[in-house]
Amino acid sequence: MSQGAHKVKVSEAEAMEVAEASREKQWRKPSFLRELFLGNFRLDLLHPYPLPPTEEEERPEFRAFYNAFEEFLRNEVDSVEIDHSGEYPDHVVDGLRKLGAFGMKIPKEYGGLGFSQLEYQRIMQLLGAVDGNLSALLSAHQSIGVPQPLKLFGSEALKKEYLPRCAAGEISAFALTESQVGSDPARLLTTAVQNEDGDYVLNGEKLWCTNGTIADLLVVMARDPETKKISAFVVEAAWEGVHVEHRCRFMGLRALANAVISFKDVKVPAGNLIGEEGKGLKIALTTLNDGRLSIPNGSVGAAKLCLEICRKWSSERVQWGKPVGKHEAIAHKIADMAAYTYAMESIADLATQMADSGRFDIRLEAAACKEWNTFRTWQIVDETMQIRGGRGYETERSLAARGEEPIGVERMMRDYRINKIFEGSTEIMHLFMAREAVDKHLEVAGSILDPRKSMEEKATDFVQKMVPFYATWYPSRWFGWGHYPRYQEFGDLAGHLRFAERNTRRLARQVFHGMVVYGPKLQNKQAFLFRLVDVANELFAMAASVSRAQALRQARRPEAEKAAELTDVFCRMARRRVRGLFRDLWSNDDVRKYQLALRVLDGRHVWMERGILNLDASAREIKPDRMLDRKPERAPVDRPVGTH
Ligand SMILES: Cc1cc2nc3c(=O)[nH]c(=O)nc-3n(C[C@H](O)[C@H](O)[C@H](O)COP(=O)(O)OP(=O)(O)OC[C@H]3O[C@@H](n4cnc5c(N)ncnc54)[C@H](O)[C@@H]3O)c2cc1C
């Protein structure tokens with residue numbers, strides 16, 4: 001039976017408890033954004049900006065791979081055909097294997113190429129501008145699939161067994177999602193029961209497992225039905241009881257080998273447990289800290305391609321007497337695009353190199369990059385379609401058939417949209433960051449907000465924790481010098497850093513004011529919290545952009561002044577947004593909108609849905625064969641699952 005038929009009752013409090021239990025509570029290394037939320041503008045954590053090596057400075061081994069990969073994309077990959085056929089051609093997958101692309105992130109001692117994060121992400125950026133399907137294949141395999149959790153948490157035996165296989169091109173996948181488990185893992189139904197031999201027996205069904213129809217190896221999250229704790233296992237797709245039930249198809253990423261996979265009494269050796277029992281969610285989340293960097297880096301590639309498309313098209317296409325790019329409405333879109341692309345690359349390169357250095361805790365920076373870059377790139381893709389006009393909406397095959405250049409903006413739009421949903425949706429990224437924004441306050445004042453604590457406990461904590469902390473912390477969030485001549489060494493960009501510095505303290509004050517005004521209800525004030533997160537992300541992008549421009553100047557790079565120009569316009573736009581976000585914190589329609597939404601959900605405004613073929617009617621009466629009598633489309637495999 002499909003899990004969709006089950007209903008699990010999980011309260012909001014239980015869901016939060018599970019999320020809280022799997023959250024990394026310690027901050028062992030510094031984080032720019034964590035400090036920002038506390039009101040400390042720690043520019044020293046990202047400045048001097050680590051400029052990535054130029055082509056000439058790169059490791060020759062990596063440059064050789066990059067060139068070969070680029071050549072392979074040009075000569076062997078027909079992305080239009082992959083999109084049209086909805087399949088990965090065998091020669092492409094084999095070609096990637098031969099290049100070693102499935103082992104980019106795997107250390108050399110286990111047969112991989114041993115790339116740094118930055119090197120790997122350079123490939124993801126390149127791929128992001130070419131082919132979303134291949135990006136997903138390689139990224140699901142090594143950003144979140146078997147190699148990443150094994151590298152971080154696997155026993156030596158597991159690494160020796162599986163990493164060389166992954167590097168050689170056995171494809172892996174990550175299986176967390178279930179019918180009822182999207183953003184909320186507390187509802188996980190797949191079970192892992194330990195038998196008398198110490199092995200585990202897996203039962204359940206996973207949904208939307210990318211690479212699932214062609215995977216040889218899977219990371220599967222399953223829970224002990226007694227203790228309810230979730231663990232992570234390496235499961236081989238060829239094992240008895242593992243079945244691909246359905247190949248899922250989507251609006252974009254049409255070749256995605258995405259599956260519903262069932263597990264029926266699958267015997268998993270005890271040694272295939274990754275890390276400790278019960279730590280599965282923590283492993284999944286930690287895997288995503290670094291793994292999450294692939295999407296924002298790929299987004300930079302997509303944004304760069306859009307910029308190129310729009311630059312060329314807007315200068316060539318003449319309407320109303322001049323190139324469309326010289327009409328102000330289009331010109332502004334192009335300016336936004338250039339400035340955002342620069343800022344996106346600044347934060348993605350920064351967070352990637354922070355991950356490489358090992359000196360920082362990058363969980364917030366990676367989440368910020370994922371949220372910010374996917375949102376901005378979606379806007380950029382949308383504006384690119386607008387600028388290309390009708391040609392933006394036309395398929396590449398149709399354009400080519402008419403003799404026009406086949407530029408695939410519509411394919412990009414279809415392929416790109418999912419980036420705001422998977423690997424932590426936009427909303428979940430905001431929640432994740434908001435939780436960390438209030439972390440220190442919960443540590444100091446949590447008991448005051450906790451209805452389960454007695455008056456006595458609250459009073460003790462008030463005297464022993466709150467008074468000593470806030471007596472100095474809060475006043476100091478009002479003072480500090482964020483004006484001239486601070487940051488003078490940054491020349492014409494100094495003013496932007498002063499703004500960021502002043503508004504970092506303002507951000508921390510607003511977090512605190514939110515706690516005071518809303519108390520325990522703050523956790524439900526998502527509009528308020530999300531605005532604070534948005535402010536933090538803007539300040540982060542400003543600081544990274546300015547610091548990068550300065551580093552380029554100091555290195556006397558030819559692009560230094562061009563970078564300063566983009567930085568200036570980006571920061572001006574960011575400052576307007578920050579001011580607007582702060583204004584909206586306390587002057588908004590949040591309550592009215594929430595109440596209206598509740599009434600919509602209650603059915604009060606069903607009258608607004610009249611005049612259309614409503615959902616039930618269209619399913620039953622219009623296309624009963626296609627919509628109700630669903631025959632699952634099987635994976636087109638004439639091979640045992642797990643081989644390719
Ligand atoms: C093409 C594709 C590939 C995928 N690949 C994989 C994979 O390889 N492995 C895997 O395990 N999963 C995979 N997924 C699953 C993906 O990660 C989930 O779709 C994602 O986690 C969101 O879950 P959901 O779709 O069930 O949305 P839901 O969790 O049902 O959420 C619905 C909406 O509500 C929002 N929302 C949810 N909770 C909250 C909250 N507390 N506050 C505010 N808003 C909230 C969400 O952001 C979303 O907008 C894939 C999905 C797709 C479509």
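Think of each chain on its own: its residues are numbered from 1, step by step along the sequence as written. Reporting in this predicted model follows two pLDDT cut-offs: at least 70 for local features of residues, and 80 or more for side-chain atom pairs to be given and counted; totals over whole chains, interfaces and linings ignore these cut-offs and use all residues. Hydrogens and waters are ignored; side-chain quantities use all the structure's heavy atoms.

### Comments concerning the site of the ligand
In step 1: Note on definitions. A residue lies near a molecule or strand when any single heavy atom of the residue is within 4 Å of it. Neighbouring the ligand are 20 residues, the closest being F174, T177, S183, S425 and E427.
In step 2: At a separation of 2.7 Å, a nitrogen atom of the ligand approaches a polar backbone atom of F174.
In step 3: Within 3.5 Å is the distance limit for a polar contact, defined as a pair of N or O atoms, with the added protein rule that one can donate a hydrogen and the other accept it, and that residues adjacent in sequence qualify only through two side-chain atoms. Taking L176, its main chain carries an N or O atom lying 2.9 Å from an oxygen atom of the ligand.
In step 4: Here the ligand loses 69% of its free accessible area of 970 Å² to cover by the protein chains.
In step 5: Contributing elements (two or more residues each) for the shell around the ligand: β3 (200–209) and α17 (426–437).
In step 6: Runs of H or I in DSSP of at least four residues are treated as helices and runs of E of at least two as strands, each being numbered from the N terminus. In terms of residue count, α17 provides more of the shell around the ligand than any other element does, 3 residues in total. Computed with a 1.4 Å probe, the accessible areas rest on the Shrake-Rupley method; for each residue, only the protein chains presented here act as cover.

### A short note on the packing of aromatic side chains
In step 1: Only centres within 6.5 Å qualify two rings of Phe, Tyr or Trp (six-membered ring in Trp) as a pair; their planes then separate them into stacked at under 30 degrees, edge-to-face at over 60, and tilted for everything else. Counted according to the given criterion, the structure contains 22 aromatic pairs.
In step 2: Both rings, one in F62 and one in F115, keep their centres 5.2 Å apart while their planes meet at 85°; by these two values the pair is edge-to-face. With a gap of 53 residues between them, F62 in helix α3 (residues 60–76) and F115 in the loop between α5 (90–99) and α6 (117–128) connect regions that are remote in the sequence.
In step 3: The classification of residues rests on relative accessible area computed with a 1.4 Å probe and restricted to protein chains. Under 20% of the type maximum is buried, over 50% is exposed, and intermediate values are partly exposed. For F62, a relative accessible area of 1% puts it in the buried group.
In step 4: With a relative accessible area of 9%, F115 lands in the buried category.
In step 5: With a centroid separation of 6.3 Å and 85° between ring planes, the pair formed by Y340 and W372 is classed as edge-to-face. Of the two residues, Y340 sits in helix α12 (residues 328–357) while W372 sits in helix α13 (residues 363–388), which places them 32 residues apart along the sequence. The same class applies to Y340 as to W372, namely buried.
In step 6: A network of ring pairs unites the aromatic residues F469, Y470, W473, Y474, W478 and F512 as a single cluster.
In step 7: The criterion for a charge sitting over a ring is simple: Lys NZ or Arg CZ within 6 Å of the ring centre, and within 35 degrees of the ring normal. Sitting over the ring of Y340, R376 keeps its end group 4.4 Å from the ring centre.
In step 8: Of note, R417 hangs over the ring of W378, and the distance from its end group to the ring centre comes to 5.4 Å.

### Quick notes on unusual backbone geometry
In step 1: A cis amide bond, omega 0°, links H47 with the succeeding residue P48.
In step 2: For P48, the location among the structural elements is in the loop between α2 (32–37) and α3.
In step 3: Omega for the bond connecting Y484 with P485 falls within 30 degrees of zero, at 5°, which places this linkage in the cis form.
In step 4: Residue position: P485 is located in the loop between α19 (455–476) and α20 (494–518).
In step 5: The residue W320 is not glycine, and still its phi comes out positive at about 50°.

### Some points on the packing of α12 against helix α21 (residues 526–554)
In step 1: Angles shown run from 0 to 180 degrees and are taken between the N-to-C directions of axes, each axis being a line fitted to C-alpha atoms and, for helices, limited to the stretch in contact. α21 packs onto α12 with a crossing angle of 90° between their chain directions and a minimal axis gap of 8 Å. In terms of orientation, α12 and α21 fall into the roughly perpendicular class. Facing Y342, A343, E345, S346, I347 and L350 of α12, the residues of α21 in contact are F540, A541, A544, S545, R548 and A549.
In step 2: Here the nonpolar group is Ala, Val, Leu, Ile, Met, Phe, Trp, Tyr, Cys and Pro; Asp, Glu, Lys and Arg are the charged ones; every other residue, Gly included, is treated as polar. Among the residues making up the contact of α12 with α21, the classes are represented as 8 nonpolar, 2 polar and 2 charged. When describing relative orientation, an angle under 35 degrees is termed roughly parallel and one over 145 degrees roughly antiparallel, while 65 to 115 degrees is termed roughly perpendicular and anything else oblique. The contact rule is simple, with two residues in contact once any of their heavy atoms fall within 4.5 Å.

### Quick notes on the confidence of the model for the protein
In step 1: On a range of 0 to 100, pLDDT expresses the predictor's confidence in each residue. Taken as a whole, the protein shows an average pLDDT of 92; of its residues, 94% reach a score of 70 or greater.
In step 2: Predicted confidence is poor over residues 1–5, with pLDDT under 50, and the contacts of this stretch with residues over four places away or in other chains come to 11 contacts.
In step 3: Here residues 627–644 is modelled with pLDDT under 50, and outside its nearest four sequence neighbours on either side it reaches 34 contacts, counting other chains as well.

### Things to note about the pattern of salt bridges
In step 1: A carboxyl oxygen of Asp or Glu within 4 Å of a side-chain nitrogen of Lys or Arg is what we treat as a salt bridge. Within this structure, the stated rule accounts for 45 salt bridges.
In step 2: Here R247 makes a salt bridge to E87, at a shortest N to O gap of 2.9 Å. Here E87 lies in the loop between α4 (79–85) and α5 and R247 lies in strand β6 (residues 242–248), a separation of 160 residues in the sequence.
In step 3: Here R249 and E87 are joined by a salt bridge, their closest N and O atoms 3.1 Å apart. With a gap of 162 residues between them, R249 in the loop between β6 and β7 (258–268) and E87 in the loop between α4 and α5 connect regions that are remote in the sequence.
In step 4: Sharing partners across several salt bridges, the network here consists of R23, R34, R435, E436 and D439.

### Focus on a nonpolar patch on the surface
In step 1: Where nonpolar side chains cluster on the molecular surface, the patch consists of I448, F462, V463 and V467 and spans about 330 Å² of accessible area.
In step 2: Here the nonpolar patch takes 3 residues from α19, the largest share from any one element.
In step 3: Here I448 shows up in helix α18 (residues 439–449).
In step 4: Since its relative accessible area comes to 31%, I448 is described here as partly exposed. Excluding any residue in a salt bridge, patches collect residues exceeding 30% relative accessible area, merging like charges within 9 Å and nonpolar Val, Leu, Ile, Met, Phe, Trp and Tyr side chains within 5 Å.

### Some thoughts on the pairing of β7
In step 1: Judged by how many residues are buried, β7 sits mostly within the fold: 8 of 11 residues are covered.
In step 2: Should DSSP find at least two bridges between two strands, the strands are taken to pair. Sheet analysis places β3 next to β7, joined by 7 bridges and oriented antiparallel. Directly across from V201, in β7, lies its bridge partner K267.
In step 3: Summarising the sheet, β6 and β7 pair through 6 bridges and their orientation is antiparallel. Of the residues in β7, the one forming a bridge with V244 is I261.

### What to know about the environment of A367
In step 1: The topology assignment puts A367 in helix α13.
In step 2: Judged by its relative accessible area of 0%, A367 falls in the buried class.
In step 3: Along the chain, A367 and A351 lie 16 residues apart, while their C-alpha atoms are 9.8 Å from each other.

### Here's the deal with the side chain of R553
In step 1: Position of R553 relative to the elements: it lies in helix α21.
In step 2: Among the polar contacts made by the side chain of R553, one reaches the side chain of E561 at a distance of 3.0 Å.
In step 3: Those residues in contact with R553 that lie beyond four places of it in its chain are F490, D492, L493, A560, E561 and A564.

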